[in-house]
Amino acid sequence: AANSSQTATISALATCAGCNRRRNPPCAVCGEVVRGLWVACQVCGHGGHLHHIRKWFASGEEFCPAGCGHLCVGSIKLDGENQKMGA
């Protein structure tokens, strides 16, 4: 069984430091529980269904769909540039 310090550590890892929301399901776009593949920002930890996250950022949004204020799109653009360059 986890002691209180382990529980506090696990709880801290499961929430965003900026807004204290959970960093796991439900989907930040649709609000439904994500079953299966979960995609998330590696910085703020918010995410959701792959197709919802892709659609969110493809629409021109730059900030986290969870509303925490994090600018997630910089990482996505960098990944896209690396893929185009064959990295």
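Bear in mind that the values here come from a model prediction, so they are computed numbers and not experimental data.

Details of the overall build of the protein
Working step 1: Counting its secondary structure elements, the protein contains 3 helices and 2 strands.
Working step 2: Taken from the N to the C terminus, the helices and strands of the protein come in the order α-β-β-α-α.
Working step 3: For the protein, restricting intrachain contacts to residue pairs at least 6 apart in sequence, the fraction spanning at least 24 positions comes to 22%.

Focus: the nonpolar core
Working step 1: Membership of the largest hydrophobic core is limited to 10 residues, which are Cys16, Cys41, Cys44, Ile53, Phe57, Cys64, Ala66, Cys68, Cys72 and Val73.
Working step 2: Not counting chain neighbours up to four residues away, the residues in contact with Cys41 comprise His46, His70 and Cys72.

Examining the confidence of the model for the protein
Caution is warranted with low-pLDDT regions, since their predicted coordinates should not be read in detail.
Working step 1: Per-residue confidence for the protein gives a mean pLDDT of 74; residues scoring 70 or more make up 63%.
Working step 2: Within the model, the stretch residues 78–87 combines pLDDT values under 50 with 1 contact to residues more than four positions away or in other chains.

Topic: the side chain of His49
Working step 1: Within the element layout of this structure, His49 appears in the loop between strand 2 (47–48) and helix 2 (50–58).
Working step 2: The contacts of His49, once residues within four sequence positions are left out, are Cys27, Cys30, Glu32, Val33, Val34 and Val39.

Focus: the state of the cysteines
Working step 1: Overall, the coordinates contain 0 disulfides when judged by the stated rule.
Working step 2: Free of any disulfide, Cys41 has its nearest neighbouring cysteine sulfur in Cys72, separated by 3.7 Å.

Focus on the environment of Cys44
Working step 1: Topologically, Cys44 is positioned in the loop between strand 1 (39–40) and strand 2.
Working step 2: Assessed through its relative accessible area of 4%, Cys44 is described here as buried.
Working step 3: With 24 residues separating them along the chain, Cys44 and Cys68 place their C-alpha atoms 8.0 Å apart.

Concerning the environment of Val73
Working step 1: Structurally, Val73 is set in helix 3 (residues 73–84).
Working step 2: Each C-alpha atom of the pair Val73 and Phe57 lies 7.1 Å from the other, and the pair is 16 residues apart in sequence.
Working step 3: Leave out the neighbours within four places in its chain, and Val73 touches Phe57, Glu61 and Glu62.

Cut-off values and rules
- Residues numbered from 1 in each chain as written.
- Predicted model: local features only at pLDDT ≥ 70, side-chain atom pairs only at ≥ 80, totals over all residues.
- Heavy atoms only, no water.
- Helix = DSSP H or I, 4+ residues; strand = E, 2+ residues; numbered from the N terminus.
- Contact = heavy atoms within 4.5 Å.
- Core = buried A, V, L, I, M, F, W, Y, C linked by side-chain atoms within 4.5 Å.
- Buried < 20%, exposed > 50% of the residue type's maximum accessible area, 1.4 Å probe, protein only.
- pLDDT = per-residue confidence, 0-100.
- Disulfide = S-S within 2.5 Å.

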